[in-house]
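# What the coordinates show
Listed below, chain by chain, are the residues.
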Amino acid sequence: MCQRGFRILLFHSIPITSHFFASKTLRNSTISRFLCSSSSEDNLHGLVDPDFGVPESSRVESFLAEEFSFLRDSLLGAGSDTGDSVNESASGSCSNDAVLISDGIRSIGDGFGHKTQKFLRQFREKLNEALVVDVLSLVKNPEMGVKFFIWAGRQIGYAHTGPVYHALLQVLGCDGNGKIPEKFLREIRDDDKEILGKLLNVIIRRCCRNGQWNLALEELGRLKDFGYKPSRLTYNALVRVFVEADRLDTANLVHREMSGSGFKMDGYTLGCFVHSLCKAGRWRDAFALIEKEEFKLDTVIYTQMISGLCEASLFEEAMDFLSRMRSSSCIPNVVTYRILLCGCLRKRQLGRCKRILSMMITEGCYPSRRIFNSLVHAYCRSGDYCYAYKLLKKMADCGCQPGYVVYNVLIGGICGSEKLPSSDALDLAEKAYGEMLDAGVVLNKVNVSNLARCLCGAGKFDKAYGIIHEMMSKGFIPDTSTYSKVIGFLCNASKVEKAFLLFGEMKSNHVVPDVFTYTVLIDNFCKAGLIEQARKWFDEMVRDGCAPNVVTYTALIHAYLKARKISIANELFEMMLSEGCIPNIVTYTALIDGHCKAGQIEKACQIYARMRGNADIPDVDMYFKIEDSNIRDPNIFTYGALVDGLCKAHKVKEARDLLDAMSVEDCEPNHIVYDALIDGFCKVGKLDEAQMVFTKMLERGYSPNAYTYSSLIDRLFKDKRLDLVLKVLSRMLENSCAPNVIIYTEMIDGLCKVGKIDEAYKLMSMMEEKGCHPNVVTYTAMIDGFGKAGKVDKCLELKRQMGAKGCAPNFITYRVLINHCCAAGLLDDAYQLLDEMKQTYWPKHMAGYRKVIEGFNREFVISLGLLGEIAENVIVPIIPAYRILIDSFRKAGRLELALELHEEMCSCTSYSLADKKNLCSSLIESLSLAGKVDKAFELYGNMIKRGGIPELSILFYLVKGLIRINRWEEALQLSDCICQMDIHWVQVEETSIKGDEFGKVPAP
């Protein structure tokens, strides 16, 4: 087979990559995997002169590189060893004849004279390439090596080959940058000029192979000085070394000289040259070079040119070359497509990747598994998760089943960022996870945490649990870090009940919680108001030897302060100091914020003053036992907490002064501070000051947010400045700040209060169209507006609508509805609403724990031991609804129902005596006037038993009731009892009971 045909066959069999043409090392290693020879590694295609004639005995058949890949590292490592160990191993691997010859040359010692040559005659017939190479490797003396080389070349039946020349160069010390001394070259020339020419060509090619183009130029000059010309292989090697060094102009000069000598480049060199020209954007020069070389373009050359164009980011030209290939009847193969696909992929040309992949698969050329993995990763990075998921199916269609890497790449790409993915992207991750389970593949630890976090963020807590358990069934063992992260995700999503259960499961699996796990739970349960359970965990971690850190202490101290349990907070602070845990600025900020929320503004201001260096404040000495000013310098969050606390306490002047102090301290206020001040001024009705802060906020480069506008709009509605409301709203929309549910609710409530009910209802419809769903406060405001306008039927209709849309009414909604139904005389509807309210709010929904209990079932609260804690804040919001209904039924004369409701209300232990006395008085009056005196006396007796002290008016109503039913004797007895009471009568015109109030009574 001709050389060119062999090379084309070789190139079709090698999986070319874009680096194949640009990297000498990779190219040599790739070729060496397919061409194996018993000679040294220098016997590579393109570097051995065909005139050297490799003996048939040295040829071996090619074999698969994968079968011997395990030897590659060890063989390459062995080849790099130097020193005595190499020489010892070399002598052990050489033939006996080689050892005899080398020993004889050294022992005779006549400078390769007559005796030595006589000794060597016995080995003439045994001379071959291997023997000469072995002898040269054993002879360490360069002079003796040259003489043996010359002697061997004279022998009939033997001719030097490439490995022999390379062995000689090693003896002469040409492994590195050393040059062969002139005397050796002249000695060889004097014996055989042709051999010297070949040797000099080998030296040049050796320099080229090592990438030493500057030495190659020097050796080329020496070759010409000796009167020789470079061979075709030497010219090819020179062109390649300059191409690899990106010295294309020099390579062009060598090629010009080569052409002048009548030589053509081989296909491999030409491929390297045109690849580099295309990489430099000189693809027209590449075509000119091919034409000058009279080389017929084939798939390999086209592929190399496309590779260069891709590296130069000339993708339009690369696609054009692909079309040229087809028109030239050169069919692109899998290597062509892979190079084009990888080139576009590296440069993030993802749109082209889709097109190339489609063409590739259509023509039966399939990407490798690694390329598919890279494509999935690239499309995930670009956010095109849908196409990344489709690639999984394409992989399977190409006979490449998705595995561990690609599934983890896809799910990690979707769930790996801090921002939660969209619902569609998360659905794709879930689908991929399901397919992954079916394929028997598992997620890595990082992706288990990330997918669980995203599912928790989307409210799919059961699925998050399921993932952890499924991975555990496949051998995945969650560690403390994994559990802690998932517990943190659940807590951040306000699913502390599930976090509580997962923590129990963690301990049951004998995974020991660390300080991070405990701190996450304690901090989030404190924020949810579940302080007792947080304290239990704190005590548990101390008992088990897990030392709390400053974050743990700070969370609990802050929670106790907000709950107004200041003594316990102080005890914790003392404990913190005694354990050597140093408070930081966050701790002091929490102290200020906690005291503000506990209503102790003065104490908060004292802590701040002490932080600023005022030592004459003994009331807060306990917080400043450690003298370290660096940890107590107020920061923006410290100022923000104090400003917010002052504003909520309506001390806006002091808060404004604090803003000025921040400027003096070079502490730039942030938008939270500005928002708190604006809201504070609005709450106390100082719109002008709020406007000034608003202007300063804009000057400082802060854009108003929805909270800022909300404060202004709320104040303007309260002041009935509807014209300014519209201006603020317009300004808000101009700044691309969309109203949120709070602003919509404030506007709806404000419109209702000024009687613009229709406009309020239209606004509520509009907010739904804008994708902002009304909450229970919005619906309640609108219901109240309809009720005040006398449209109770619209109130009930709106209540049904909110239920249908998944928005549950709270007790305030029910109270508003009951009030308006009673006012409109719809007592049965009001009674039905009360019954529904009783079923919804078990059995006394405490106002102080509204936020805490919301979303938790009764059993869970009992399991945490919170019922006793809740009982400390006994406020029953259902009582006002009872009062409204009882009063309405009483006025409507439906006294039986009024009494029944009164009995239910009295069963509430939190029902105050004052409420009982007032309602009893009203009921006794109505019963007496209705002639139901016995019921009135029974109610009076119950009131006395429960500790009630009757007013005189109640006794008068009882007397009046007895007279109405002609029970004069009992009326006189009761009157006599009243007269005997130690009562100081006070004449009050408006409240005294006049005689005619008793009406006309029948004569006795």
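Structure: above.
This structure is a prediction, so every number in the text was calculated from the model and none was measured. (Residues numbered from 1 in each chain as written. Predicted model: local features only at pLDDT ≥ 70, side-chain atom pairs only at ≥ 80, totals over all residues. Heavy atoms only, no water.)

### A look at helix α45 (residues 811-823)
Formally: Labels follow the DSSP assignment, with helices taken as runs of H or I lasting at least four residues and strands as runs of E lasting at least two, numbered in each case from the N terminus. Each residue after the first adds 1.5 Å to the expected span of a helix. Partly exposed residues are those whose accessible area sits between 20% and 50% of the maximum for their type, while under 20% is buried and over 50% is exposed, using a 1.4 Å probe and protein chains only.
Here α45 contains 13 residues, and its C-alpha end-to-end distance of 18 Å stays within 8% of the 18 Å for a straight helix at 1.5 Å per residue. Of all the residues in α45, the buried ones are Phe-811, Thr-813, Tyr-814, Val-816, Leu-817, Ile-818, His-820, Cys-821 and Cys-822. Gly-825 sits one or two residues past α45 and shows a positive phi near 85 degrees.

### Things to note about the side chain of Glu-430
Just so we agree on the cut-off: Two N or O atoms form a polar contact when they lie within 3.5 Å of each other; inside protein one atom must be a possible hydrogen donor and the other a possible acceptor, and for residues adjacent in sequence the pair counts only when both atoms belong to side chains. Any two residues having at least one pair of non-hydrogen atoms within 4.5 Å are treated as being in contact.
With respect to the secondary-structure elements, Glu-430 resides in helix α24 (residues 423-438). Residue Glu-430 is classed as buried on the basis of its relative accessible area, which comes to 18%. Within polar-contact distance, the side chain of Glu-430 engages the side chain of Lys-460 at 2.6 Å. Once you skip the residues sitting within four places of it in the chain, Glu-430 turns out to touch Leu-455, Lys-460 and Lys-463.

### Side note on the packing of aromatic side chains
This is how it is decided: Geometry of aromatic contacts follows a simple scheme: Phe, Tyr and Trp rings, the Trp one being its six-membered ring, pair when their centres are within 6.5 Å, and the pair is stacked under 30 degrees between planes, edge-to-face over 60, tilted otherwise. In our convention, an over-ring charge means Lys NZ or Arg CZ found within 6 Å of a ring centre and within 35 degrees of that ring's normal.
Applying the stated rule across the entire model yields 19 aromatic pairs. With 5.6 Å between their ring centres and 65 degrees between their planes, Phe-503 and Tyr-518 make a pair best called edge-to-face. Here Phe-503 is found in helix α28 (residues 496-508), whereas its partner Tyr-518 is found in helix α29 (residues 515-527), with 15 residues between them in sequence. Each of the two residues, Phe-503 as well as Tyr-518, counts as buried. Taken together, the aromatic side chains of Phe-500, Phe-503, Tyr-518, Phe-525 and Trp-537 make up a single cluster linked through ring pairs. For the cation-ring pair, Arg-247 lies above Trp-213, with the distance from its terminal atom to the ring centre recorded as 4.1 Å. Between the NZ or CZ atom of Lys-794 and the centre of the ring of Tyr-761, over which it lies, the distance is 4.7 Å.

### Describing the nonpolar core
The criterion, for reference: By convention a nonpolar core is built from buried Ala, Val, Leu, Ile, Met, Phe, Trp, Tyr and Cys residues, the set being connected through side-chain atoms within 4.5 Å.
The biggest cluster of nonpolar side chains holds 294 residues, and the ones touching the most others in it are Phe-148 and Leu-451. The leading source of residues in this core is helix α11 (residues 193-209), at nine residues.

### Some thoughts on helix α17 (residues 299-311)
For α17, spanning 13 residues, the distance from its first C-alpha to its last is 18 Å, which sits close to the expected 18 Å at 1.5 Å a residue. Burial of α17 is extensive: 12 of the 13 residues sit out of reach of the surface. For α17, the set of buried residues is Thr-299, Val-300, Ile-301, Tyr-302, Thr-303, Gln-304, Met-305, Ile-306, Ser-307, Gly-308, Leu-309 and Cys-310. Looking one or two residues past α17, Ser-313 carries a phi angle of roughly 60 degrees, positive in sign.

### A closer look at the pattern of salt bridges
Put simply, the rule is: We count a salt bridge whenever a side-chain nitrogen from Lys or Arg sits within 4 Å of a carboxyl oxygen from Asp or Glu.
Enumeration over the complete set of coordinates arrives at 32 salt bridges. Linking Arg-240 and Asp-266 is a salt bridge whose minimum nitrogen-to-oxygen distance equals 3.8 Å. Here the residue Arg-240 occupies a position in helix α13 (residues 232-244), and Asp-266 occupies one in the loop between α14 (248-260) and α15 (267-279), the gap between them amounting to 26 residues. Look at Arg-240 and you get buried, because its relative accessible area is 7%. Note that Arg-612 and Glu-665 form a salt bridge whose closest N and O atoms lie 2.7 Å from each other. Of this pair, Arg-612 sits in the loop between α34 (601-611) and α35 (636-648) while Glu-665 is found in the loop between α36 (652-664) and α37 (671-683), placing the two residues 53 residues apart along the sequence. Each of Asp-427, Glu-430, Lys-460 and Lys-463 takes part in a single network of salt bridges with overlapping partners.

### A short note on the packing of helix α19 (residues 334-346) against helix α21 (residues 369-382)
The cut-off we apply is this: Axis angles are defined between N-to-C directions and span 0 to 180 degrees, where every axis is a line fitted to C-alpha atoms and, for a helix, only to the segment in contact. Roughly parallel means an angle under 35 degrees; roughly antiparallel, over 145; roughly perpendicular, 65 to 115; everything else is oblique. Note on convention: the crossing is left-handed when the near helix lies turned anticlockwise from the far helix by less than a right angle, right-handed when the turn is clockwise. Gly counts as polar in this scheme, as do all residues outside two lists: the nonpolar Ala, Val, Leu, Ile, Met, Phe, Trp, Tyr, Cys and Pro, and the charged Asp, Glu, Lys and Arg.
Where α19 contacts α21, the axes come no closer than 11 Å and their chain directions differ by 25 degrees. As judged from the angle between their axes, α19 and α21 are roughly parallel. For the pair α19 and α21, the sense of crossing is left-handed. Judged by residue contacts, Arg-338, Leu-341, Cys-342 and Leu-345 of α19 engage Ile-371, Ser-374, Leu-375 and Ala-378 from α21. Residue composition of the contact of α19 with α21, by class: six nonpolar, one polar and one charged.

Treat this as a map of the structure, not an account of what it does.
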